[in-house]
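Structural features, examined
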Amino acid sequence: GFFQSYAVEVDVKDASNATCLYAKWMMRFLIKYETNSSDYKNATLNLSSNVTHNGSICGNDTQAALLAVQFGEGHSWSINFTKTNETYQGDFITFTYNTNDTAVFPDAKRKGPITIVVKGTMRPVQLNNVFVCHNTDFFEAENVTQIFWNVTVQAFVQNGTISKKESRCRADAPTSAPTVPPTIANVTTASTTTLSPSPTTAPKPVENPETGNYSLKSGNKTCLLATVGLQLNVSQDKPLLININPKTTRADGTCGNTTATLKLNDGNSTLIGF
């Protein structure tokens, strides 16, 4: 159920009731928090079906645009946009989660709202272009991982009409040799759709995953190395096997004094964290 979440759609209007800021996206939050027994638990915060967007503003040449949403038991999220003569960009994200929400944060030691800010969240986009990113992207700061996918956003909309010109994120860029993850379903189909008489053959087994080399740097020094082949076995209505292709997988993460985090994004909505 990793991607079972509500989509958010916000259409901000100006004084003449024309659209000035539009966004539709999906997001989820992974939060590590301390309990009363001084250990740490991981919480998952999803958007609820009831989302408001109080405080969102259009922005102009001198004032930043603001996309703000509120959801659940005192949680909120916002991103501000500034523009130049030719582009607009997201400057920073502000996320507030409320540990008084006991359904999400049972036995939390620290009670009340906690706010984190992430800067430099979106590269410049040409004015009168809509930014689109279907693949997953994430930001990590202060024990919180923010995950986004199926993003469509345009700030400083001109003449109240969403542009048909798209600016795609790097993760959506097609690769020279796209791969189709092998599944039990398509392996079985291949062995049962023979049109001409031929000897019966057993279904082709799923191949072992290719070994990838992943690394993280802290400054000029490598702080984490992983050499590993990864295959996911997903239990659902139809079992699904997915081999992670190191040629199309992006490694990211952080190295600290006592902990390190390696995150792998295969560009096909699969995000793995170690």
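Whatever comes next refers back to the structure up there.
These remarks concern the structure in this document. (Residues numbered from 1 in each chain as written. Predicted model: local features only at pLDDT ≥ 70, side-chain atom pairs only at ≥ 80, totals over all residues. Heavy atoms only, no water.)

**Comments concerning the packing of aromatic side chains**
Summed over all chains, the structure comprises nine aromatic pairs. With a centroid separation of 6.1 Å and an interplanar angle of 5°, the aromatic rings of Phe 29 and Phe 71 are classed as stacked. Residue Phe 29 is found in strand β2 (residues 19-34), and its partner Phe 71 is found in strand β5 (residues 65-71); the two are separated by 42 residues along the sequence. A single burial state applies to Phe 29 and to Phe 71, both of which are buried. Consider the rings of Phe 81 and Tyr 88, whose centres lie 6.4 Å apart with planes at 70°: the pair is edge-to-face. Assessed through its relative accessible area of 1%, Phe 81 is described here as buried. Site record: aromatic cluster; members linked through ring pairs are Phe 29, Tyr 33, Phe 71, Phe 95, Tyr 97 and Phe 105. The side chain of Lys 263 reaches across the aromatic face of Phe 138, ending 5.8 Å from its centre. (Phe/Tyr/Trp six-rings, centres within 6.5 Å; stacked < 30°, edge-to-face > 60°. Helix = DSSP H or I, 4+ residues; strand = E, 2+ residues; numbered from the N terminus. Buried < 20%, exposed > 50% of the residue type's maximum accessible area, 1.4 Å probe, protein only. Lys NZ or Arg CZ within 6 Å of the ring centre and 35° of its normal.)

**Description of the nonpolar core**
As a rule of thumb, nonpolar side chains are buried together in soluble globular proteins. Formed by 46 residues in total, the largest nonpolar core has its most connected members in Trp 25, Leu 67, Trp 77, Phe 81, Tyr 88, Phe 95 and Phe 131. It is β2 that contributes the most residues to this core, eight residues altogether. Apart from the residues within four sequence positions on either side, Phe 95 is in contact with Phe 29, Ile 31, Leu 45, Phe 71, Ser 76, Trp 77, Ile 114, Thr 115, Ile 116, Val 144 and Gln 146. Residues Tyr 214, Leu 224, Ile 244 and Ile 272 belong to the second largest nonpolar core, which totals ten residues. (Core = buried A, V, L, I, M, F, W, Y, C linked by side-chain atoms within 4.5 Å. Contact = heavy atoms within 4.5 Å.)

**Examining the pattern of salt bridges**
Per the counting criterion, the structure on display carries five salt bridges. The salt bridge partner of Lys 83 is Asp 61, with a shortest N-O separation of 2.9 Å. One end of the pair, Lys 83, is in strand β6 (residues 75-83); the other, Asp 61, is in the loop between β4 (51-52) and β5, and 22 residues separate them in sequence. Residues Asp 137 and Arg 250 are paired through a salt bridge, measuring 3.8 Å at the closest nitrogen-oxygen approach. (Salt bridge = Lys/Arg side-chain N within 4 Å of Asp/Glu carboxyl O.)

**Brief notes about the environment of Gln 146**
Following the sequence through the fold, Gln 146 ends up in strand β12 (residues 144-155). Placed 115 residues apart in sequence, Gln 146 and Ile 31 show a C-alpha to C-alpha distance of 8.7 Å. Sequence-distant contacts of Gln 146, defined by excluding residues within four places in its chain, comprise Arg 28, Phe 29, Trp 77, Ile 93, Phe 95, Ile 116, Val 118, Asp 137, Phe 138 and Phe 139.

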